[in-house]
Amino acid sequence: MSDSYSLLILPGDGIGPEVMAEVVKVIDWFGANRGMSFDISEGLVGGASYDAHGTPLTDETMVKAQVVDAVLLGAVGGPKYDLLDFSVKPERGLLRLRKEMDLYANLRPAQCFDALADFSSLKREVVAGLDILIVRELTSGVYFGEPRGIHSDDNNPDNEGGRVGINTQRYTSGEIRRVARSAFELARRRNNKVCSMEKANVMESGILWREEVQWVHDNEYPDVDLTHMYADNGAMQLVRNPRQFDVIVTDNLFGDLLSDAAAMLTGSLGMLPSASLGAPMANGRPKAMYEPVHGSAPDIAGQGKANPIACILSFAMALRYSFDQGQAASDLERAVEKVLADGVRTADLMGPEGGTPVSTAEMGDRIVAALSQA
Ligand code: NAI
Ligand code: MG
């Protein structure tokens with residue numbers, strides 16, 4: 001019996017198409033060797049879509065994204081589009097996908113590959129074997145709350161400059177519960193451990209966050225080990241002893257900062273995958289988009305220098321979280337680990353000792369070869 005999955009591939013701009021070509025090799029390998037069948041459609045996003053259609057995302061592509069099992073995106077943007085009107089900037093395509101698919105749970109793993117442990121800003125013995133997953137709420141909180149704006153503060157003579165800037169942290173119980181459910185579901189596929197972070201000591205929205213996460217736990221996921229931590233302490237603990245964590249769930253603002261900090265514990269931007277998940281569809285799979293954390297890297301685009309691993313590991317996340325192929329995902333991660341252990345490096349992974357970097361395509365080929373050897 002074959003397992004069939006629909007995929008929308010949106011390579012985008014700059015190095016996006018270069019790294020995506022390597023992911024396609026990996027997808028083809030799983031199709032040929034693991035009895036999975038992929039129903040793949042390709043589309044344009046970002047500047048590539050603007051060049052062809054005058055918009056960073058067409059309605060047709062948006063409709064398609066809503067019905068596939070997973071969207072795989074490369075990267076968007078580039079200097080060529082910097083002067084475009086805000087409404088048609090490449091980033092708008094990405095934002096439209098996230099918004100209309102309502103992708104409220106952003107997953108950012110921080111996983112330390114042994115061969116790259118010396119790339120970390122922390123000591124090898126602190127980060128070796130690190131494997132944590134930060135779940136950041138992505139569609140609400142202070143980046144979206146009303147009221148917001150910059151206003152004149154004329155009636156306050158003591159305010160030098162006479163202006164006030166306002167943003168509002170606002171969370172509904174429903175918004176907290178749904179991202180908490182995502183975190184608990186993910187924890188059950190990992191080590192059954194969740195740490196929730198907020199600032200319940202100084203923010204009412206933090207008190208609500210803590211109460212609602214606890215409620216979801218007590219009523220729906222009592223089997224998962226749940227702890228709570230103030231986010232500032234969380235930042236310290238991430239740097240002091242990151243391996244104490246497994247799944248971390250937190251709000252949009254704290255998640256933005258904590259996920260970037262955690263990512264750097266493990267090294268290069270070219271290695272970092274991500275996923276954004278929404279509500280379960282009729283087939284039980286969540287709406288989902290997978291993409292590397294990095295951008296379109298115009299400084300190296302078109303030169304075959306880009307590291308495809310971030311995009312390949314994003315596909316590993318799709319295998320695990322959209323297709324329920326945990327074993328295949330682990331095999332792919334192990335193949336990456338093996339290639340790195342063999343000393344294969346793209347230019348971004350070269351240490352001060354130097355060496356000869358491999359091209360984007362060679363890195364992809366080596367990973368596929370390692371899959372075949374497993
Ligand atoms: P960037 O992530 O594209 O590049 C930052 C630095 O990291 C560059 O020196 C680049 O060469 C290097 N780098 C990034 N990915 C790499 C990879 N896979 N392999 C080897 N080296 C890699 O961020 P930057 O330069 O700030 O933005 C460039 C463009 O990308 C801009 O137009 C920006 O708006 C867009 N962007 C798009 C994102 C997305 O599509 N999700 C995210 C971030 C930026
Ligand atoms: Mg950020």
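Remember, it's a predicted structure, so these values are computed and weren't measured experimentally. (Residues numbered from 1 in each chain as written. Chains lettered and ligands numbered in written order. Predicted model: local features only at pLDDT ≥ 70, side-chain atom pairs only at ≥ 80, totals over all residues.)

Undergrad: For this particular structure, what's the right way to read the domain arrangement of the chain?
TA: When the parts of a complex come together, some accessible area is lost, and that lost area is often taken as the interface size. Annotation of the chain at the domain level lists domain 1 (3-130 + 265-373) and domain 2 (142-236). Using C-alpha coordinates to define each centre, domain 1 is positioned 28 Å away from domain 2. Each partner contributes to the interface: domain 1 provides four residues, whereas domain 2 provides four residues. Class assignment for the residues of the side of domain 1 that touches domain 2 results in three nonpolar, one polar and no charged. (Domains from an automatic or database assignment. Contact = placed C-beta atoms within 7 Å. Nonpolar A, V, L, I, M, F, W, Y, C, P; charged D, E, K, R; others polar.)

Undergrad: It is not clear to me how the site of ligand 1 should be interpreted in this structure. Could you clarify?
TA: Near ligand 1, the surroundings consist of 21 residues, among which Gly77, Gly270, His294, Gly295 and Asn307 are the closest. Of the residues assigned to the shell around ligand 1, the class counts are eleven nonpolar, seven polar and three charged. (Near = placed C-beta within 6 Å.)

Undergrad: Teacher, can you tell me more about the UniProt feature "domain: Isopropylmalate dehydrogenase-like" (unreviewed entry) in the chain here?
TA: When the UniProt feature table is mapped onto this chain numbering, "domain: Isopropylmalate dehydrogenase-like" (unreviewed entry) sits at residues 6-367. Taken end to end, residues 6-367 is 40% helix and 22% strand, and its two terminal C-alpha atoms sit 23 Å from one another. (UniProt positions renumbered as here; feature names shortened; annotations may be inferred. Helix = DSSP H or I, 4+ residues; strand = E, 2+ residues; numbered from the N terminus.)

Undergrad: What am I meant to see in the packing of helix H1 (residues 16-33) against helix H10 (residues 309-321) here?
TA: Running from amino to carboxyl end, H1 crosses H10 at an angle of 40°, the nearest separation of the two axes being 8 Å. In this view, H1 runs oblique relative to H10, as classed from their interaxial angle. Of the two elements, H1 crosses H10, and the hand of that crossing is right-handed. Counting all contacts with H1, which are made through Val19, Met20, Glu22, Val23, Val26 and Ile27, the residues of H10 involved are Cys311, Ile312 and Phe315. Class assignment for the residues of the contact of H1 with H10 results in eight nonpolar, no polar and one charged. (Axes fitted to C-alpha atoms, helices over the stretch in contact; angles between N-to-C directions. Parallel < 35°, antiparallel > 145°, perpendicular 65-115°, else oblique. Left-handed = near helix turned anticlockwise from the far one by under 90°.)

Undergrad: Help me understand the pairing of strand S5 (residues 131-137), please; the structure alone is not making it clear to me.
TA: For a regular strand, side chains alternate in direction, first toward one face of the sheet and then toward the other. Taken across its seven residues, S5 has six buried, putting it largely inside the fold. When S5 meets strand S10 (residues 247-250), the two strands line up parallel, connected through four bridges. The residue bridging Ile134 from the neighbouring strand is Ile248, located in S10. (Buried ≥ 20, exposed ≤ 12 C-beta atoms within 10 Å, placed from the backbone. Pairing = 2+ DSSP bridges.)

Undergrad: Where do I start with the sheet that holds strand S4 (residues 105-111) in this structure?
TA: Paired through backbone hydrogen bonds, the strands of a sheet run either parallel or antiparallel to each other. One open sheet accounts for ten strands, arranged S2-S1-S3-S12-S11-S4-S5-S10-S8-S9; its pairing is mixed. For this open sheet the edge positions go to strand S2 (36-42) and strand S9 (225-230), each flanked by a neighbour on one side alone. If you compare each strand with its neighbour and ignore which way they point, the axes differ by 25° on average. Bridging between S4 and strand S11 (residues 273-280) involves three bridges; their strand directions are antiparallel. Residue pairing in the sheet places Ala105 in a bridge with Leu277 of S11. In this fold H1 packs onto strand S1 (3-12), S2, strand S3 (70-75) and strand S12 (286-292), with an angle of close to 145° to the strand it touches most, S3.

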